[in-house]
Amino acid sequence: MRETVYAQFLRAGPYSRHVERTASLLDGELSITELRQGAGAYPDPPLACFNFQLLLEGRGAVRLDLDGVRWAGAARPGQVFVAAPRAPTDYRVGFHHRLVAVSVADRLMGELCQQAGLAPPSHRARPCEEGAAPGLLEALRALVLANGPAGCRPSDGAARSILTSLAWALSRGQTPADAPDLDEAALARAKRFALNAAEPGIGVAEIAAFLETDRFRLARATKRLAGLSPARLLRQWRIERALSLITDTTLPLAEVAARAGFSDQAHMGRVIRQATGRTPGALRTGA
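Residues numbered from 1 in each chain as written. Predicted model: local features only at pLDDT ≥ 70, side-chain atom pairs only at ≥ 80, totals over all residues. Heavy atoms only, no water.

### Section: the sheet that holds strand S8 (residues 89–93)
Ordered by their spatial adjacency, four strands build an open sheet running S3-S8-S5-S6, and the pairing between neighbours is antiparallel. The strands lining the two open edges of the sheet, one partner per strand, are strand S3 (40–44) and strand S6 (69–75). Along the sheet, successive strands turn relative to each other by an average axial angle of 15°, direction set aside. Relative to S8, strand S5 (residues 60–66) runs antiparallel, the two sharing five bridges. Across the sheet, residue Leu-66 finds its bridge partner in S8, namely Thr-89. (Pairing = 2+ DSSP bridges. Helix = DSSP H or I, 4+ residues; strand = E, 2+ residues; numbered from the N terminus. Axes fitted to C-alpha atoms, helices over the stretch in contact; angles between N-to-C directions.)

### Some words on the pattern of salt bridges
Using the criterion set out here, one finds 13 salt bridges in the structure. Here Glu-57 makes a salt bridge to Arg-98, at a shortest N to O gap of 3.2 Å. On the criterion of sequence distance, the pair formed by Glu-57 in strand S4 (residues 49–57) and Arg-98 in strand S9 (residues 97–105) is long-range, its members being 41 residues apart. A relative accessible area of 33% means that Glu-57 is categorised as partly exposed. Looking at Arg-98, the relative accessible area reads 17%, which means it is buried. Arg-107 is paired through a salt bridge with Glu-111; the nearest N and O atoms lie 2.6 Å apart. (Salt bridge = Lys/Arg side-chain N within 4 Å of Asp/Glu carboxyl O. Buried < 20%, exposed > 50% of the residue type's maximum accessible area, 1.4 Å probe, protein only.)

### Focus on the layout of surface pockets
Any empty space left between atoms is shown by rolling a water-sized probe over those atoms. Computed from the structure, the largest pocket encloses a volume of approximately 270 Å³. Along its surface, the largest pocket is lined by 16 residues, and Gly-157, Arg-160, Ser-161, Ala-205 and Glu-206 are the ones closest to its centre. When residues of the lining of the largest pocket are traced back to their parent elements, those giving at least two are helix H2 (106–116), helix H4 (156–171) and helix H6 (204–210). Here the lining of the largest pocket gets five residues from one element, more than from any other, and that element is H4. Across the lining of the largest pocket, the residue classes tally to six nonpolar, seven polar and three charged. (1 Å grid on protein atoms, 1.4 Å probe; cavity = no way out; pocket = protein on both sides within 12 Å on 5 of 7 lines; lining within 4 Å. Points joined across faces, edges and corners; volume = space filled by probe spheres on them. Nonpolar A, V, L, I, M, F, W, Y, C, P; charged D, E, K, R; others polar.)

### Re the side chain of Asp-44
Considering the arrangement of structural elements, one finds Asp-44 in strand S3. Buried charge without a partner: Asp-44 forms no salt bridge, and the closest opposite charge is Arg-92, 11 Å away. Filtering out sequence-adjacent residues up to four positions away, Asp-44 remains in contact with Tyr-6, Phe-9, Tyr-15, Asn-51, Gln-53, Pro-88, Thr-89 and Tyr-91. (Lys, Arg positive; Asp, Glu negative; His and termini not counted. Contact = heavy atoms within 4.5 Å.)

### Some words on the sheet that holds strand S2 (residues 30–37)
What the five strands build is an open sheet, ordered S1-S2-S9-S4-S7; its pairing is antiparallel. Looking along the sheet, the strands with just one partner apiece sit at the ends: strand S1 (19–25) and strand S7 (80–83). Between one strand axis and the next, the sheet turns by 15° as a mean value, whatever way the strands run. Relative to S9, S2 runs antiparallel, the two being bridged by eight bridges. By the bridge assignment, Glu-34 is partnered in S9 with Val-100.

### A look at helix H8 (residues 230–248)
Its 19 residues give H8 an end-to-end C-alpha distance of 27 Å, which sits within 8% of 27 Å, the value for a rise of 1.5 Å per residue. Buried residues of H8: Pro-230, Leu-233, Leu-234, Trp-237, Arg-238, Ile-239, Ala-242, Leu-245 and Ile-246, and no others. (Expected span 1.5 Å × (residues − 1).)

### Remarks on unusual backbone geometry
Unlike most non-glycine residues, Leu-26 shows phi in positive territory, near 55°. Following the sequence through the fold, Leu-26 ends up in the loop between S1 and S2. At Asp-67, a residue that is not glycine, the phi angle is positive and equals roughly 55°. Mapping Asp-67 onto the fold places it in the loop between S5 and S6. With relative accessibility at 41%, the residue Asp-67 sits in the partly exposed group.

### What to know about the side chain of Thr-22
Within the secondary structure, Thr-22 sits in strand S1. Among the polar contacts listed, one links the side chain of Thr-22 to the side chain of Thr-33, at a separation of 3.1 Å. (Polar contact = N/O pair within 3.5 Å; in protein donor to acceptor, adjacent residues only side chain to side chain.)

### Let's talk about the environment of Glu-3
Summarising the element assignment, Glu-3 is placed in the segment before helix H1 (5–12). Remark: the alpha-carbon pair of Glu-3 and Ser-31, spanning 28 residues in sequence, is separated by 5.9 Å.

### Things to note about the nonpolar core
In this structure, Leu-30, Phe-52, Val-102, Val-104 and Leu-163 are the most contacted members of the largest nonpolar core, which totals 33 residues. Elements that contribute at least two residues to this core include exactly S2, S4, S7, S9, H2, helix H3 (136–146) and H4. For this core, the element with the most residues is H4, which contributes seven residues. In contact with Val-104, other than residues within four places in its own chain, are Thr-4, Glu-29, Leu-30, Cys-49, Phe-50, Phe-52, Met-109 and Leu-163. (Core = buried A, V, L, I, M, F, W, Y, C linked by side-chain atoms within 4.5 Å.)

Pasting the structure below:
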């Protein structure tokens with residue numbers, strides 16, 4: 001099984017007896033490891049990956065040295081510590097605890113951030129909490145679920161989208177938790193963006209980035225305003241655009257598919273038939 005260098009370190013190093021379960025996705029560039037540990041010192045070497053540690057159980061005193069920057073305080077479930085690549089860390093924990101370590105290869109995080117127009121996350125000597133980084137905990141919890149006993153592993157596309165949202169949440173670290181909810185005008189802008197781009201690669205992560213939010217806040221807004229998930233709403237927008245072009249223009253169906261954002265004509269045909277019970281050709285001729 002391919003996995004990040006941090007997951008390899010946990011499984012083969014002095015912490016191997018603490019590992020409860022581990023999973024790897026995206027060809028080993030994303031690893032999720034749950035650990036149960038007692039009080040003690042837990043130094044990590046500098047490795048070529050981003051490391052997000054979410055405390056699941058336990059509370060008490062913690063001292064942290066993160067690449068020479070120190071922090072001491074009270075830790076509690078829901079806090080997240082972030083270590084950037086090649087940053088040596090030393091955790092001194094005064095209580096029994098359970099945590100999940102989400103490690104992401106430096107290359108993958110850099111690629112996702114570049115695509116979304118974000119700066120890569122930097123390490124944090126203080127814990128991140130939901131009020132300081134909206135969407136951060138939701139993104140990490142979605143990845144924790146992928147490592148759960150039920151085996152709810154996300155697709156590669158979903159995992160990449162979650163990681164992009166995680167990076168976005170960290171980049172918007174000063175956004176207050178009570179930021180205004182997205183409204184109908186925001187969804188209208190998102191629809192214009194998605195359809196004007198008319199590319200199959202435009203997905204939930206790209207729409208969230210366009211609206212300067214995270215995928216979880218976007219999901220709450222689309223559910224509240226349209227009764228659909230972002231992915232289903234995007235699909236509906238594409239169907240509407242395709243139906244309009246099929247019935248109101250003489251464009252070749254392959255061109256219709258491209259302008260509506262489908263991967264190809266066959267993909268559009270399957271979706272349109274599922275939605276209407278008729279093929280695009282039959283809709284055009286009225287048959």
